Amino acid sequence: MTVLVTGGAGYIGSHTVRALVDKGRSVVVLDNLQKGHKQAVKGADLVIGDISNEELVTEIIKKYDVTSVIHFAADSLVEESMMEPRKYYHNNVIKTIKLLDAILKNSINKIVFSSTAAVYGSPKEVPIQENIELKPTNVYGRTKRMIENVLEDYDMAYGLKYIALRYFNAAGACVTGEIGEDHSPESHLIPIILQVALGKRDKLIIYGNDYHTKDGTCIRDYVHVSDLAEAHILALEALEGGKDSTIYNVGNGKGFSVKEIVLEIEKFIGKEIPKEISLRRPGDPDILIASIEKIKKELGWHPKYTLYDIIETAWRWHNSHPQGFEE
Ligand code: UFG
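Residues numbered from 1 in each chain as written. Predicted model: local features only at pLDDT ≥ 70, side-chain atom pairs only at ≥ 80, totals over all residues. Heavy atoms only, no water.

With an unreviewed UniProt entry as reference, the protein chain is termed UDP-glucose 4-epimerase, source organism Thermotalea metallivorans. UniProt's Pathway (unreviewed entry) comment on the protein chain is quoted here verbatim: "Carbohydrate metabolism; galactose metabolism." (UniProt positions renumbered as here; feature names shortened; annotations may be inferred.)

Put into structure tokens, the structure is as follows:
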């Protein structure tokens, strides 16, 4: 019984692989290494290749006796998705459909799917519950919503059981310090602030201070990547135990503004971060905070790590790996 993890060399994927291996699970990773890092895969075989290669996926399933899939492999930059929608529809939608073909043909009927809070758009009410109307405001979010629809239809027609996890803002790094966040280019708030602290960037640009929030900067729900990893394991175990298909938010259930994050990091490292207010970044909603009641109740998941833990683990990773994985 092996778990196939697509995109397992990426940020959230590699932390999930690590957590699965720690639980004694047999894991094989399929990653084309366009964004992922070989060195991020610990304790599992890595096959370098594409999820749309049906022959390769079939070969892996047979060779490793794969019985379930956790599907991370995707492009995930909101801004890029607006500039290059073809890339996103191709990589996130068409390739996922090909992957689903291969796994269904090989009689696998369990999949955990990486979805995103970007499917919600800019909801008026927070915390956000899973059953509100989805109104994604960017191509990235639309590709993820499409696959959620595909999964629903494939469940009805072919009995493919799925759990889609809608991530809020993944952050932090493995407590062991071995793996962490290494994106190129980096676009996320916390690693960018840490890069400024390490002298790798001159200053932080805060994208807008005229949002409808208490201090004018956007509020987000930051969830530790190892808590996210744990949510995947619980989702997988639930499917293995016969749970029906469903969707869960995965966040901390708490919101912090950009200014609050900066302040917390300044307190942690004991120095001021050079910063400048600039114009809004297109498509940023004012506030995104998850309701995590459903996943707590149904899977018994709860976030173990605080914002302090996120900052502490991220800082330890960035400080000890200023060049990332150095491949
Ligand atoms: N921000 C800045 N300056 C920066 C980077 C970010 O001010 O240099 C701000 C953003 O405007 C936003 C907040 O910090 O208000 C968080 O930005 P991130 O880029 O870290 O994260 P996002 O909330 O934009 O995006 C995350 C995921 C996406 C996902 C989205 C769901 O990275 O993949 O949440 O809402 F789609």
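This is not the end of the story, as more comes after the structure.
1. Digging into the domain arrangement of the protein chain
When its domains are assigned, the protein chain resolves into domain 1 (2-171 + 223-250) and domain 2 (189-220 + 253-320). The C-alpha-based centres of domain 1 and domain 2 are spaced at 24 Å. Listed by partner, the interface residues are 29 residues for domain 1 and 25 residues for domain 2. When domain 1 packs against domain 2, close to 2200 Å² is buried across both sides, 66% of that on carbon and sulfur atoms. Broken down residue by residue, the surface that domain 1 buries against domain 2 is led by H224, D227 and Y248, which jointly contribute 26%. (Domains from an automatic or database assignment. Contact = heavy atoms within 4.5 Å. Buried area = accessible area lost by both parts, 1.4 Å probe.)

2. Remarks on the sheet that holds strand β11 (residues 246-250)
Strands pair in a sheet through their backbones, by hydrogen bonds, and they do so in one of two ways: parallel or antiparallel. Overall, parallel pairing links the 7 strands, which are arranged β3-β2-β1-β4-β5-β6-β11 in an open sheet. The open sheet has two edge strands with one neighbour each: β3 (45-48) and β11. Each strand axis lies, on average, 20° off the axis of its neighbour in the sheet, ignoring direction. Alignment of strand β1 (residues 2-6) against strand β4 (residues 66-71), held across 5 bridges, turns out to be parallel. Note that in β4 the partner of V3 across the bridge is S68. Taken strand by strand, helix α7 (residues 225-240) contacts β1, β4, β5 (110-116), β6 (161-167) and β11, and its axis lies near 165° from that of β6. (Pairing = 2+ DSSP bridges. Helix = DSSP H or I, 4+ residues; strand = E, 2+ residues; numbered from the N terminus. Axes fitted to C-alpha atoms, helices over the stretch in contact; angles between N-to-C directions.)

3. As for the packing of helix α8 (residues 258-269) against helix α10 (residues 307-320)
Relative orientation of the contacting elements α8 and α10 amounts to 60°, with a least axis distance of 10 Å. By the criterion of interaxial angle, the relationship of α8 to α10 is oblique. α8 and α10 meet at a crossing whose hand is right-handed. Contacts from I261, E264, I265, F268 and I269 of α8 reach α10 at L307, Y308, I311, E312 and W315. Class assignment for the residues of the contact of α8 with α10 results in 8 nonpolar, no polar and 2 charged. (Parallel < 35°, antiparallel > 145°, perpendicular 65-115°, else oblique. Left-handed = near helix turned anticlockwise from the far one by under 90°. Nonpolar A, V, L, I, M, F, W, Y, C, P; charged D, E, K, R; others polar.)

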